[in-house]
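Given next are the chains, with one letter for each unit.
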Amino acid sequence: MSQGDDGRAAVVQDAAEPLGQIRDRDAGTGSIASAILDIQKHAITRTNWIKSLECLYLATGRDDGEPTGKRRRLGDGDTVAATYSHQLLRRTYLDPVSDPERGREYVAVSYTWDLSEDESSQQSCQSFGGYYVESRRTGEPAQPSNVRDVVLERAFHYAKHVKCETIWIDRECVNHHDAKEKETAIQNMHLVYTLSRRPIALLTHTIQTAEQLDLIVGLLVGDLREEEGSAALELLDEITSDLWWQRAWTFQEDYRASTRMTLLIPHASSLEHRKQNAPRDMLSRPLLGTLPGEISIKSVDFRRRATEFCLQYKQSQPEAEAICDRILSTAGKYNVLLQDDEPSGSPTSVSRSMTPTILADIGRRGILTESDRLAIAANVCGYTIRLDTIALNKCGSSLSLSLLALYLLNGEIMENCPRSQHGTLRDSVFTYLTKQSLRSFRPPIDEGLTFIKSCRFVDPVLTSSGTQTWGHLWRLGKIIRPCPLKRNKYRTLSPLETLATDLQYKKYGKAYTELAAGLLAWVQECAANARLAKQQRYGGRNPLVHPRQWGWRSWMADEVEAALLEGKALRLASVVDPGNREAFAPYSAIFVGDHADDWKDEEKKNDVDGGSGYASYNYVFTSIRPPKENARYGETPKHVSLEVELVSSEAQQSQPQAQQAPGVHEKGEHKTPSNNTRAEHSINGPVMPKLYIKRWLNGLCFPGGFAWQPVMFPWPADLLATSTNES
């Protein structure tokens, strides 16, 4: 059992150890799956902490009780608190959730509590006491701030420059003396940076020369000369060696602030004129900002350019690979790093989740309390289900197994087919997740990683058999191979309308009227929403027509249309009725193959419309949960569309029964079940269907009134293995 600095039990930092070794130490004679089930007992649901966000503002000279002190004038005429001057910070409260107009107008400050290497050599960066903070208790005097003066000075300097009165800074705006409030704040800290309109990161490496300033400009505009490559790499290495890039908490703050995060990099005063005259970006904004004494650049722009530069540079200069990899591990941009080597045929060339990379990045960064990595992982990944870190610390739980439990409890998808065992128990948790997480996603939109982030099971429950979840099960049947539709501006029918007409009038053997009706109804709904959008642009309102709030079916319709234009194979499917699983419903879904020759090996045995033509493994599992209208802020929508193998009912009869279902879904809506609702169902009997993943498969589905049913995705075999089995 691990101990923290205070001698008490703590979560064990074992992320570098092989999973098999952790199992033998923590699970005894059990498996990793059994250890994860024990950790599941400490699962909790996220609560919304930000109902009243405490912030600070700089008191004016008219405020009673303000400490006195001199102020220092900057080059542009602005003034900030001089070193050792006593400035009073008062508390105020904002509501960024309910009052987005005014409640999000605050500067969320991201910085490191500890001194960086650059700051440790400067006495002025180590001083405290220049700022006093109003007490939370009425009548008590203000106390010296626990934040270094230089941090507050830079933060308020920026706030004044952007005409924002308030800042949020963790060391003063969270009550660290209240253990319960502190733990709640830790579990929801990401919302502070997500909701702030003006998050900033205070870097400490100072740009000293005109050459360094010009290199930053060249990097941002993508105009570095070949002979400047070595110097640019050295500068990037220096900037990303800043302590801010090395900490887990600041990683979370940068990620959750997203495109709004501004990096502040100090520069020598002699460079002010050169910075102010730097080129402008495509929107005519100053490339390096106008804040005196600081370079202001968007974190997302810096990381994208740094990633592209390092990937290109290490190809041309292999000897610099180690430095490039070091920069990429601290400041890499995921949607550049995770691009597939070969095009996948989808609008984006990303086919794997960024979650394993995120977890690994959190794992390699510094942190004071190991269990905080679990809160950070949940915050960054948008997880609703959390783990009680106080309880896990008392148990001395494994960090690796806790991360694995957190990953699965929130519906992340791992390969579970015996033929897809890429990870082993010789791997660390991060390597195992990288190898074993699903790698066949086909995002139908350009924002591929955003789409994949929502590819998670709905209401997952971990059982001794695997992950229980909910959705529709579809039997795959008729394969059709349409000739590529030619783009014709005189065509009166859309591709979907053309397909519906062909299905209705027996072009593919029979009349598939149910699916044709669904396609045509969808086209009509799209047309109605287009008319509504046009009406709203001109100020009209029609209360009887409501626009769609979410894009899943639109994306899938676009996928089918693209397949028709490209001549990809399509496959019809019928929903499996939970109440009568042996019946064959009419086709009401269509799925898109990866290419024109997809399913060739199954064509002969599946090119029929009767029960004898279905192979036992030809199924698709779908589950879609759009964001709820009154959901907690930032809750991630979920969607799953997987081609699966279904094990025969005879092979399941000895399996343990599943847990009570958390909900029954009818017509796409979630409903709470009655106490006598049971989850033990299968295709042909009383046992829940057990599904093994083959690949991700996009498709357009019209389930009608058929209810969701519970299914089981068994554990990957390695996670069920015990040391006794292996010996």
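Please read these numbers as outputs of a predicted model, since none were measured by experiment. (Residues numbered from 1 in each chain as written. Predicted model: local features only at pLDDT ≥ 70, side-chain atom pairs only at ≥ 80, totals over all residues. Heavy atoms only, no water.)

Colleague: I would appreciate a short explanation of the overall build of the protein chain in the present structure.
Modeller: Looking only at helices and strands, one finds 27 helices and 26 strands in the protein chain. Residues classed as buried in the protein chain amount to 54% of the 727 residues present. Pairs at least 24 residues apart make up 74% of the contacts formed inside the protein chain by residues separated by at least 6 positions. Total accessible area on the protein chain is roughly 33000 Å²; 48% of this is exposed by carbon and sulfur atoms. (Helix = DSSP H or I, 4+ residues; strand = E, 2+ residues; numbered from the N terminus. Buried < 20%, exposed > 50% of the residue type's maximum accessible area, 1.4 Å probe, protein only. Contact = heavy atoms within 4.5 Å. Areas by Shrake-Rupley, 256 points an atom, 1.4 Å probe, with all protein chains shown as cover.)

Colleague: What is the right way to look at the sheet that holds strand E8 (residues 107-110) in this model?
Modeller: Think of a sheet as strands paired side by side through backbone hydrogen bonds, with each pair either parallel or antiparallel. What the 9 strands build is an open sheet, ordered E10-E9-E7-E4-E11-E8-E12-E13-E14; its pairing is mixed. Each of the sheet's edge strands pairs with one partner strand only, and the pair in question is strand E10 (143-144) and strand E14 (294-298). Inspection of the sheet shows strand E13 (residues 262-266) paired to E14 by 5 bridges, in the antiparallel sense. Directly across from Thr262, in E14, lies its bridge partner Lys298. Sheet strands touched by helix H13 (residues 299-316): E13 and E14. Its angle to E14, the strand with the most contacts, is close to 80°. (Pairing = 2+ DSSP bridges. Axes fitted to C-alpha atoms, helices over the stretch in contact; angles between N-to-C directions.)

Colleague: What is the right way to look at the packing of helix H9 (residues 210-221) against H13 in this model?
Modeller: Axis angle and axis distance: for two packed helices, these are the angle between their axes and the distance between the axes, and together they describe the pair. Remark: H9 packs on H13, axes separated minimally by 9 Å, with the N-to-C direction vectors making an angle of 85°. In terms of orientation, H9 and H13 fall into the roughly perpendicular class. Side by side, H9 and H13 meet where Leu219, Leu220 and Val221 of the first sit next to Asp301, Phe302, Arg305 and Phe309 of the second. (Parallel < 35°, antiparallel > 145°, perpendicular 65-115°, else oblique.)

Colleague: Quick question: what am I supposed to make of the packing of aromatic side chains here?
Modeller: Remark: the centre distance and the inter-plane angle together describe each pair of aromatic rings, the angle taken between the planes. Applying the stated criterion to the full structure yields 13 aromatic pairs. Look at Phe451 and Trp555: their rings are 5.7 Å apart centre to centre, the planes differ by 70°, and that puts the pair in the edge-to-face class. Within this pair, whereas Phe451 is found in helix H21 (residues 448-453), its partner Trp555 is found in helix H24 (residues 552-566), the two being separated by 104 residues in sequence. We classify Phe451 as buried; its relative accessible area is 1%. A network of ring pairs unites the aromatic residues Phe441, Phe451, Trp552, Trp555 and Trp696 as a single cluster. (Phe/Tyr/Trp six-rings, centres within 6.5 Å; stacked < 30°, edge-to-face > 60°.)

Colleague: What should I look at first to understand the pattern of salt bridges in this one?
Modeller: A side chain of one charge can pair with a side chain of the opposite charge when the charged atoms of the two come close. With the rule as written, the count across this model stands at 37 salt bridges. Salt-bridge contacts for Glu105 lead to Arg198; the nearest nitrogen and oxygen are separated by 2.7 Å. Of this pair, Glu105 sits in the loop between helix H3 (100-103) and E8 while Arg198 sits in the loop between helix H8 (190-195) and strand E12 (200-202), placing them 93 residues apart in sequence. In this structure Glu105 comes out as partly exposed when scored by relative accessible area, which is 24%. Its relative accessible area of 24% is what places Arg198 among the partly exposed residues. Because the salt bridges share partners, they merge into one network encompassing Arg442, Glu559, Asp594, Asp598, Glu643, Lys694 and Arg695. (Salt bridge = Lys/Arg side-chain N within 4 Å of Asp/Glu carboxyl O.)

Colleague: Would you explain H13 in this entry?
Modeller: The α-helix advances 3.6 residues per turn, and as a result positions three or four apart in sequence lie on the same side. With 18 residues, H13 extends 26 Å from end C-alpha to end C-alpha; this agrees with the ideal 26 Å at 1.5 Å per step. Looking at H13, one finds that the buried residues are Ser299, Val300, Phe302, Arg303, Ala306, Thr307, Phe309, Cys310 and Tyr313. (Expected span 1.5 Å × (residues − 1).)

Colleague: Can you help me understand the confidence of the model for the protein chain in this one?
Modeller: For any part of a model where pLDDT is low, the fine detail of the predicted coordinates should not be relied upon. Mean pLDDT over the protein chain stands at 84; residues scoring 70 or higher make up 82%. Contacts for the low-pLDDT stretch residues 66-84, under 50 throughout, to residues beyond four places or in other chains number 43 contacts. Segment residues 606-616 is flagged for pLDDT under 50; beyond a separation of four residues in sequence, or across chains, it makes 27 contacts in the model. (pLDDT = per-residue confidence, 0-100.)

Colleague: Is there a simple way to explain the environment of Tyr383 in this structure?
Modeller: Along the chain, Tyr383 falls in the loop between helix H17 (372-381) and strand E15 (385-387). Owing to a relative accessible area of 1%, Tyr383 belongs among the buried residues under this scheme. Counting along the chain gives 28 residues from Tyr383 to Gly411, while the straight-line C-alpha distance between them is 9.2 Å. The residues touching Tyr383, leaving out its near neighbours within four places in the chain, are Arg46, Thr355, Ala377, Ala378, Leu406, Tyr407, Asn410, Glu412 and Arg456.

Colleague: Looking at this model, I keep getting lost on unusual backbone geometry. Mind explaining?
Modeller: When glycine is set aside, most residues are seen to have a negative phi, and most peptide bonds are trans. With a phi close to 60°, Lys163 is a non-glycine residue in the positive phi region. Within the secondary structure, Lys163 is located in the loop between helix H5 (149-161) and strand E11 (166-168). For Ser284, which is not a glycine, the phi torsion comes out positive at approximately 70°. Inspection of the secondary structure assignment puts Ser284 in the loop between helix H12 (272-276) and E14. For Ser284, a relative accessible area of 48% corresponds to the partly exposed category.

Colleague: I tried to follow the side chain of Ser398 on my own but got confused; where do I start?
Modeller: Of note, Ser398 is situated in the loop between helix H18 (389-395) and helix H19 (399-409). Polar side-chain contacts of Ser398 include one of 3.2 Å to the backbone nitrogen of Ser400. Contacts of Ser398, omitting those with residues within four sequence positions, involve Val11, Val12, Asp14, Ile22, Arg25 and Asp26. (Polar contact = N/O pair within 3.5 Å; in protein donor to acceptor, adjacent residues only side chain to side chain.)

Colleague: What's the story with the pairing of strand E26 (residues 709-714) in this structure? I'm lost.
Modeller: Moving residue by residue along a regular strand, the side chains alternate between the two faces of the sheet. Buried residues dominate E26, accounting for 6 of its 6 residues. Across the two faces of E26 the burial is the same, with Gln709, Val711 and Phe713 and Pro710, Met712 and Pro714 all buried. Pairing geometry for strand E17 (residues 466-480) and E26, over 6 bridges, is antiparallel. Each bridged residue has a counterpart across the sheet, and for Trp470 the counterpart in E26 is Pro710.

Colleague: Could you clarify how one ought to interpret the packing of helix H10 (residues 229-240) against H13 in this entry?
Modeller: Look at H10 against H13: their axes get within 11 Å of each other, and the N-to-C directions meet at 130°. Comparing their axes, H13 and H10 come out oblique. Judged by the sense of rotation from one axis to the other, the crossing of H10 with H13 is left-handed. Along the contact surface, H10 presents Gly229, Ser230, Ala232, Leu233, Leu236, Ile239 and Thr240, while H13 presents Phe302, Ala306, Phe309, Cys310 and Tyr313. (Left-handed = near helix turned anticlockwise from the far one by under 90°.)

Colleague: Before we go on, may I ask you to explain the side chain of Thr622 in this structure?
Modeller: Considering the arrangement of structural elements, one finds Thr622 in strand E20 (residues 619-625). The buried category is assigned to Thr622, whose relative accessible area is 3%. A polar contact is formed between the side chain of Thr622 and the side chain of Trp474, at a distance of 2.9 Å. If sequence neighbours within four positions are ignored, Thr622 has contacts with Gly471, His472, Trp474, Phe591, Val640, Ser641 and Cys701.

Colleague: Where do I start with the environment of Asp577 in this structure?
Modeller: Positionally, Asp577 belongs in the loop between strand E18 (570-575) and strand E19 (589-592). Residue Asp577 is classed as partly exposed on the basis of its relative accessible area, which comes to 25%. The spatial distance from the C-alpha of Asp577 to the C-alpha of His472 is 8.7 Å, given a sequence separation of 105 residues.

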